[in-house]
Amino acid sequence: MTGGSTQAAELLSVLALEEREPDLFVGKTPETTMQRIFGGQVAGQALMAAASTLPEGRDVHSLHSYFLRPGDPNEEIRYAVERMRDGRTFSTRRVVAWQRRGEKDVAIFALTADASTGEEPYAEHALPMPDVPAPETLPTFLELLANRADGGRVARSIGMAVEQRMLEHPFDRPPKTYPDTKSWTWMKVAGELPGDQAVHAAALTFASDLSLLGAGTARMGGGWGRTAGSSLDHAVWFHQPVRADEWFLYETDSPAASHGRALCFGQIWAADGTHVATVTQQGLIRPLPR
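Residues numbered from 1 in each chain as written. Predicted model: local features only at pLDDT ≥ 70, side-chain atom pairs only at ≥ 80, totals over all residues. Heavy atoms only, no water.

A.B. asks: Can you help me understand the overall build of the protein in this one?
C.D. replies: When helices and strands are tallied, the protein shows six helices and 12 strands. On C-alpha atoms alone, the protein measures out to a radius of gyration of 18 Å, which is about the 19 Å that the 2.2 N^0.38 rule sets for 290 residues. The principal-axis extent of the C-alpha atoms belonging to the protein is close to 55 × 50 × 45 Å. Going through the 290 residues of the protein one by one, you find that 48% of them count as buried. Look at the contacts in the protein between residues 6 or more apart in sequence, and 72% of them connect residues 24 or more apart. Of the roughly 14,900 Å² that the protein leaves accessible, carbon and sulfur atoms contribute 51%. (Helix = DSSP H or I, 4+ residues; strand = E, 2+ residues; numbered from the N terminus. Rg over C-alpha atoms; globule rule 2.2 N^0.38 Å. Buried < 20%, exposed > 50% of the residue type's maximum accessible area, 1.4 Å probe, protein only. Contact = heavy atoms within 4.5 Å. Areas by Shrake-Rupley, 256 points an atom, 1.4 Å probe, with all protein chains shown as cover.)

Here it is, written out as structure tokens:
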């Protein structure tokens, strides 16, 4: 494999969990120089653990999660699934991610996911996709990093398994002010994924954590490299089936921030204009020493 196929295979290896015993799964963390695990990885793996226990024909339509502690990339992550409900139409799963800290286990992440068989169309409406330039007309993320001394480190920290085409340069930008506070990024997994909808939902969850907190820093201006951020919670609602290995548009905005915590919203459309998901996150933003 080369190029995008290799990157897609790396993401698939992260999402492929080992079932160590019934309802207990172990996730792999790729080698990294970072001191903590990327939050999207833990959320994506937890969603895969939940989906692995669902009855056939039921797809996850929402998840709500909390990041409890930083994940240690040198320790395995164990995902314990609790089957909270299996009704006639809906299923609910609770997943807690555990890691070893010295002589004891600690919870680093908790997720609740709801799944269903779907309903006959009745209440149907969606947001229209904004009119923005096509991804092929925009520079790649690596091209934006080309003139930065820390470009390689930033690229590794962001995760190159997901291609990104941004409508704005992420560095040295003025603060966004109301009403022009939104940002847009085209994304897709670099390579082809299998058809399993659970994999695409987990990959989309992984990608949705890449830039959402940036909506909060965009209100401050300056761009990446001037602040440190960490996700506190993360929620995704899946409105329609999605293919994460095809271009999708990610619109982000931050309506409020206080006490160092920024609330961020995201809307996701497939390239054909289908509104496929809504995302919310609250994150902590702190200044970095100059």
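A.B. asks: Help me out: how do you make sense of the sheet that holds strand β11 (residues 261-270) in this one?
C.D. replies: If you trace the 12 strands from one edge of the open sheet to the other, you get β1-β2-β4-β5-β6-β3-β9-β12-β11-β10-β8-β7, paired in antiparallel fashion. Single-partner strands in this sheet number two, and they are β1 (18-21) and β7 (162-166). Neighbour-to-neighbour, the strand axes of this sheet turn through a mean angle of 30°, independent of strand direction. Strand direction decides the pairing type here: β7 and strand β8 (residues 183-189), joined by five bridges, are antiparallel. Bridge assignment links Val162 to a residue of β8, and that residue is Val189. Helix α2 (residues 39-51) rests against β2 (24-27), β3 (59-67), β4 (77-86), β5 (90-101), β6 (104-116) and β9 (227-238) of the sheet, and its axis sits at about 45° to β4. Together, β3, β7, β8, β9, β10 (248-258), β11 and β12 (275-287) form the strand contacts of helix α5 (residues 197-208), whose direction differs from that of β9 by roughly 150°. (Pairing = 2+ DSSP bridges. Axes fitted to C-alpha atoms, helices over the stretch in contact; angles between N-to-C directions.)

A.B. asks: Help me understand the side chain of Asp23, please; the structure alone is not making it clear to me.
C.D. replies: For Asp23, the location among the structural elements is in the loop between β1 and β2. Of note is the side chain of Asp23, whose polar atom sits 2.9 Å from the side chain of Arg83. Setting aside residues up to four positions removed in sequence, Asp23 forms contacts with Thr53, Tyr79, Ala80, Val81 and Arg83. (Polar contact = N/O pair within 3.5 Å; in protein donor to acceptor, adjacent residues only side chain to side chain.)

A.B. asks: Teacher, can you tell me more about the pattern of salt bridges here?
C.D. replies: Where charged atoms from two side chains of opposite charge approach closely, those side chains can pair. If you walk through the whole model with that rule in mind, you get 12 salt bridges. Arg20 serves as the salt-bridge partner of Glu18, at 3.5 Å between the closest nitrogen and oxygen. Between Arg85 and Asp114 there is a salt bridge whose closest N-O contact spans 3.1 Å. Of the two residues, Arg85 sits in strand β4 while Asp114 sits in strand β6, which places them 29 residues apart along the sequence. In this structure Asp114 comes out as buried when scored by relative accessible area, which is 15%. (Salt bridge = Lys/Arg side-chain N within 4 Å of Asp/Glu carboxyl O.)

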